[in-house]
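Chain by chain, the residues run as shown.
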Amino acid sequence: MSADDGFQVRIIRSKKRRKTISGKLVEGNVVEIRAPASMSDEELRPFIERILKGFRRDRGKEKLSDEDLEERTKRLNKKYFGGKLRWSSVRWSTRQDKIFGSCTPDSRTIRISYRLAKAPTWVLDYVIVHELAHLLEPNHSKRFWGLVNRYPLTERARGYLIALGFIDEE
Ligand SMILES: [Zn+2]
């Protein structure tokens, strides 16, 4: 069995297994499915689909590129700032571990911590909105938070970042 996105599925059946089905990624692209001997390919299909979906999602996150970041930033600019903001670059940064992002208003460059490439997208979106707002308000003023709070998951995302060990930039 092979999936459309490059995953190869290898099914290993065991008489000892009764109900549990598990999936593990081995050798890069091979997904090893362990299943009870009594189950047919047909019966296994929906379980395998679900397992592959999980691996696809993980892989998608690994691949978030600078281009993806640019696309997300454009979308968030449109949604929360009426498409009015302009930046020169938005990139992943590996320089700082504890800081989730930075914005240099003079050069209009935005950097986002690589550690967020695997965080839930609603957390990443908060960080992008935060840095976009700095293009208008360099500090964390009341007006700044007024802009950021347009993003409805702000409070939850801030809690999540603290849990990940991030500190705010300033
Ligand atoms: Zn800030």
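To be clear, the structure that these remarks concern was listed above.
Residues numbered from 1 in each chain as written. Predicted model: local features only at pLDDT ≥ 70, side-chain atom pairs only at ≥ 80, totals over all residues.

Visitor: Residue-level account of the nonpolar core, with values.
Guide: Formed by 21 residues in total, the largest nonpolar core has its most connected members in I112, V127, I128 and V129. Those elements giving two or more residues to this core turn out to be α2 (66-81), β6 (109-113), α3 (121-136) and α5 (154-163). Sequence-distant contacts of V127, that is, excluding residues within four places in its chain, are made with F100, G101, I112 and L116. (Core = buried A, V, L, I, M, F, W, Y, C linked by C-beta atoms within 7 Å. Buried ≥ 20, exposed ≤ 12 C-beta atoms within 10 Å, placed from the backbone. Helix = DSSP H or I, 4+ residues; strand = E, 2+ residues; numbered from the N terminus. Contact = placed C-beta atoms within 7 Å.)

Visitor: Describe the sheet that holds strand β1 (residues 8-14), listing the residues and the values that go with them.
Guide: One open sheet accounts for 3 strands, arranged β1-β3-β2; its pairing is mixed. Each edge of the sheet is formed by a strand with only one pairing partner; in this case those strands are β1 and β2 (22-26). Ignoring which end each strand starts from, the neighbouring axes of this sheet average 25° apart. Pairing analysis gives 7 bridges linking β1 to strand β3 (residues 30-36), with the strands arranged parallel. Bridge pairing links I12 to R34 in β3. (Pairing = 2+ DSSP bridges. Axes fitted to C-alpha atoms, helices over the stretch in contact; angles between N-to-C directions.)

Visitor: How would you sum up the environment of W145? Please name residues and give values.
Guide: Among the structural elements, W145 can be located in helix α4 (residues 142-148). Classification of W145 by C-beta neighbours within 10 Å gives partly exposed; the count is 13. In sequence terms W145 and A133 are 12 residues apart; their C-alpha atoms lie 8.4 Å from each other.

Visitor: Provide a residue-level description of α2, including the pertinent values.
Guide: Between its first and last C-alpha, α2 extends 21 Å over 16 residues, near the 22 Å set by a 1.5 Å rise per residue. Here the buried face of α2 lies against β4 (89-93), β6 and α3. Of the residues flanking the end of α2, it is G82, one or two places downstream, whose phi is positive at about 60°. (Expected span 1.5 Å × (residues − 1).)

Visitor: Hey, could you go over the packing of α2 against α3 for me, with residue numbers and the actual values?
Guide: Two numbers describe how α2 lies on α3: the axes approach to 10 Å, and their chain directions differ by 65°. In terms of their interaxial angle, α2 and α3 are classed as roughly perpendicular. As for how α2 packs across α3, the hand of that crossing is right-handed. In this structure, α2 contributes R72, T73, L76, N77, Y80 and F81 to the contact, and α3 contributes D125, I128, V129 and L132. Partitioning the contact of α2 with α3 into residue classes produces 6 nonpolar, 2 polar and 2 charged. (Parallel < 35°, antiparallel > 145°, perpendicular 65-115°, else oblique. Left-handed = near helix turned anticlockwise from the far one by under 90°. Nonpolar A, V, L, I, M, F, W, Y, C, P; charged D, E, K, R; others polar.)

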